[in-house]
Amino acid sequence: MKTAGGVFGALVTALIVLVLIWQWDWFVPYINRKATAALQRPVSIAHLHVHLGFKPTITVDDLKIGQPEGFSKEKDDFASAHAITVKVDAWRYLTGGGLSVPLIRVDTPKGDIVSLADGTNNYTFPSSSDTSSQTASSSTPLPKLGKIEINDGNIHVAMAKLKTDMHVLIHTVLPKDGDDGHIVIDLAGRYARAPITGHIVGGALLDLTDTTHPYPIDGRLANGPTYVTLRGTVDDPIHFQGTNLALHFAGPDMSLLYPLTGVPIPQTPPYSVTGNLAYSNRAIRFQKFEGRMGSSDIGGDINVDPHQKPIFVDAALHSHSVDLADLGGFIGAQPGDTRKTEPASKRVLPDKTINVPKLNAANVHLTYHGDHIRNKNWPLDNIDTELDIHDGAINLKHLTFATGTGTISANATLEPTKNAQFHTRFRLDVSRLPLSRIMTSKDMFQGEGTIGGHVTLNSTGNSVATLVENGNGGTTLVLDRGGDVTALLPDLLGLKLGSAILSALGIPDRSKLECLVADLPLKDGIVHTDAMLLQTGTTRTSGTGTVNFHKDTLDYAVTTRSIGPQILSLPGAVHIFGPINSPTILPGAELIGRVAASVGLGIVFPPAALIPTIQLGVGKGSACEKAILEANEHPAAGIAPGATTGLGPSSIPHPAHPGAEKRTKASHHRLSPAEIHKAWEKKSNPK
């Protein structure tokens, strides 16, 4: 008995001594080793405190989690905290009530989140290879959480690909006056190279797990000049079941929204839109939004499915009143400027690279309708379009404008090829378009002419200039009863050039245009002439030649003949050649030697295929239809169309052609600049 009593006394004494000298810090080295091995980066805590009871409280001091391999140059630890305190309801757990954590408090947490340009980052942790344990852990229910406190959190975020370097400041506000408390997040730094500031207030962190009450959010964000506000609630935010949020965007250019939304948008003028942000059926929806974009109103619905790769965007947009200048960015132009401007280079056609931003960032289906177009520079009434983008390829199903009694409609496909170029198929259809609606010199023009026709292009390039110079296709154009030709032609071709051509052709002033037909195939960047007819009340003008868009030059010859029988009415052929920007116009002399050449040019080129186009374009029974039928039955030169029609070089020699001096005796003389000027003066100023 004495021995047993001695042993018991020794155990009690040892237990008392152990309690008196016990230090929880003895477990610190063990915790550090286990955490370091698990996270594969250095982990340390300075002290461990445990207060026992039915609800034990555990506190670690000076937690530090170092950077992983490859990020040793970072100045700060991956994560740290001055102290972390967790209270656990042990009695509830032991009695089968499940895990309950009444308190989590984090004091002065810091983080350093880094992603490098090559995609490597410091926030990806190793995953366990034990699939069964992963499955078991994924089915473990979440613990019941109580109060969550964060004091003076500061997370540094640096993302090289996003051109982002900012700080996220986080703290919680304790419950007061009956509310549940809330969390406050402030942003400061740079995002996508632009300054970013933000202030977001959410509900209490505990409410994130409450599936029965919507979680409130109220925030504002400024990224450079872009401003966003968001206010409303989120249903079951852990599982993101739905939202009821009012979202407002404002800024100078919608394309700047791409870093914030991940949705590519072309350049736009200043905008301000407000709508409802919702989430349902795995899609993010910006619904019933309305606002302004430049001087146009804009509204509609945008649905984004972020689960597809790439994301899918379905947008149905509308405007009641639209200025086409505001839509310039959607066709590769600068928004706000639809005026015709001279290209920056010496090329006749614009050689600016087609600006189609971030095609691979999303697949898109877009419809847009504008009820009324407000722009004095555009003779259009409304706009309707449908567009698809899939895997970087653009399919413009239609872009249709109503204008008076007619329509202009285009469709196109652009498929990316190598070297940032596009294989392009394009078609433009014009039907019964009133000429008076497109004349810019309205004060000079009188008449109610109608235009119909088609333009096609199949090519590869990355600008309008390269697409045309590499392209095949053509233009068929019919203009019926075009009013005053001396106002029309100078306006279409340019005042100086148009007036010079009319004068050289000998067309009388104030002549009324009855018909204009052009059938111009494009082959490998060179425009040829299958048919060219211009008929006034008294004259009929035909032409042949080519336009070379590789060199931006033209080589054309036109001849005017009287419709009725007139003696010596033939003014001779007119040759137009040289650079398109400043061609030489050489009027023909009244020489017998030119008559033979002029006969060929006087023959009208009237392919029967043009008549259906005339019927569709300007209406059956038009002056153009009559003119072509007359030309077939009664050709101006008295010779039916035959081998002289169709493609071929100009039959009129000129100084620019090597060897032109040898072609005919009537044309062996090479005119000097003085002789050309003299002939021009004689033709332009007849006595």
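That block above? That's the structure.
How each quantity is defined
Residue numbers run consecutively from 1 along every chain, following the written order of its sequence. Totals for whole chains, interfaces and linings use every residue, but because this is a predicted model, local features are given only for residues with pLDDT of at least 70 and side-chain atom pairs only at 80 or more, for both listing and counting. Processing note: side-chain calculations cover all non-hydrogen atoms of the structure and skip hydrogens and water entirely. In this scheme, a residue with accessible area under 20% of its type's maximum is buried, one over 50% is exposed, and one in between is partly exposed, where area comes from a 1.4 Å probe on protein chains only. The way it works is that DSSP assigns letters per residue, a run of H or I at least four long becomes a helix, a run of E at least two long becomes a strand, and they are numbered from the N terminus. Here a strand pair is declared whenever DSSP counts at least two bridges between the two strands. Without a salt bridge and with relative accessible area above 30%, a residue can belong to a patch; like charges are then joined within 9 Å and nonpolar side chains (Val, Leu, Ile, Met, Phe, Trp, Tyr) within 5 Å. Surface accessibility in these figures is a Shrake-Rupley result with a 1.4 Å probe; residues are shielded only by whichever protein chains are displayed. Counted as salt bridges are all cases of a side-chain nitrogen of Lys or Arg within 4 Å of a carboxyl oxygen of Asp or Glu. In this scheme, a helix's expected span is set at 1.5 Å multiplied by one less than its residue total. Think of a polar contact as two N or O atoms within 3.5 Å of one another; within protein, one of them needs to be a possible hydrogen donor and the other a possible acceptor, and neighboring residues in sequence only count if both atoms come from side chains. Should any heavy atoms of two residues lie within 4.5 Å, those residues are counted as being in contact. The aromatic pairing rule takes the rings of Phe, Tyr and Trp, using the six-membered ring of Trp, and pairs them if the centres are within 6.5 Å, calling planes under 30 degrees apart stacked, those over 60 edge-to-face and the rest tilted. Here the nonpolar core consists of buried residues drawn from Ala, Val, Leu, Ile, Met, Phe, Trp, Tyr and Cys, with membership extended through side-chain atoms lying within 4.5 Å.

J.: Which residues make up the pairing of strand β14 (residues 242-251), and what values go with them?
T.: On any regular strand, side chains alternate: one points to one face of the sheet, the next to the other face. Most of β14 sits out of view: seven of its 10 residues are buried. Here strand β13 (residues 226-235) runs beside β14; their pairing, made up of nine bridges, is antiparallel. Within β14, the position partnered with Gly 232 by the bridge is Leu 245. As paired strands, β14 and strand β15 (residues 271-280) are joined by seven bridges and run antiparallel to one another. Bridge pairing links Leu 247 to Gly 275 in β15.

J.: Now, about a nonpolar patch on the surface: what can you tell me, with residues and values included?
T.: On the surface, Phe 54, Trp 91, Tyr 93, Leu 94 and Leu 99 cluster together into a nonpolar patch covering about 630 Å² of accessible area. Locating Trp 91 in the fold gives a position in helix α3 (residues 90-94).

J.: Run through helix α2 (residues 28-39), naming residues and quoting values.
T.: Look at α2: 16 Å from first C-alpha to last across 12 residues, which is about the 16 Å you get at 1.5 Å a residue. Where α2 ends, the next residue or the one after it, Gln 40, has phi of about 55°, a positive value.

J.: Which residues make up the pattern of salt bridges, and what values go with them?
T.: Going through the model one piece at a time under the given rule, you end up with five salt bridges. A salt bridge links Arg 231 to Asp 218; the nearest nitrogen and oxygen atoms lie 3.2 Å apart. One end of the pair, Arg 231, is in strand β13; the other, Asp 218, is in strand β12 (residues 215-223), and 13 residues separate them in sequence. We classify Arg 231 as exposed; its relative accessible area is 56%.

J.: So, the side chain of Asp 429: which residues are in play, and what are the values?
T.: The residue Asp 429 is located in strand β23 (residues 422-434) in this model. In this structure the side chain of Asp 429 is engaged in a polar contact, spanning 2.7 Å, whose partner is the side chain of His 454. Excluding anything up to four places from it in sequence, Asp 429 contacts Thr 407, Ile 408, Ser 409, Gly 453 and His 454.

J.: Describe the packing of aromatic side chains, listing the residues and the values that go with them.
T.: Aromatic ring pairs: the centre-centre distance and the angle between the two ring planes describe each pair. In this structure the tally under the stated criterion is five aromatic pairs. Each ring, one from Phe 249 and one from Phe 286, has its centre 5.9 Å from the other, and the planes form 85°; the classification is edge-to-face. Here Phe 286 lies in strand β16 (residues 283-293) and Phe 249 lies in strand β14, a separation of 37 residues in the sequence. With a relative accessible area of 10%, Phe 286 lands in the buried category.

J.: Any chance you could break down the nonpolar core for me, citing the residues and the numbers?
T.: If you look at the biggest cluster of nonpolar residues, it comprises 63 residues, and the most contacted ones within it are Phe 249 and Ile 383. The element best represented in this core is strand β26 (residues 512-523), accounting for five residues. With sequence-adjacent residues up to four places away left out, Phe 249 is seen in contact with Tyr 227, Val 228, Leu 257, Thr 261, Tyr 271, Ser 272, Val 273 and Phe 286. Counting 23 residues, the second-largest nonpolar core is a separate cluster that includes Ile 45, Val 60, Ile 113 and Tyr 215.

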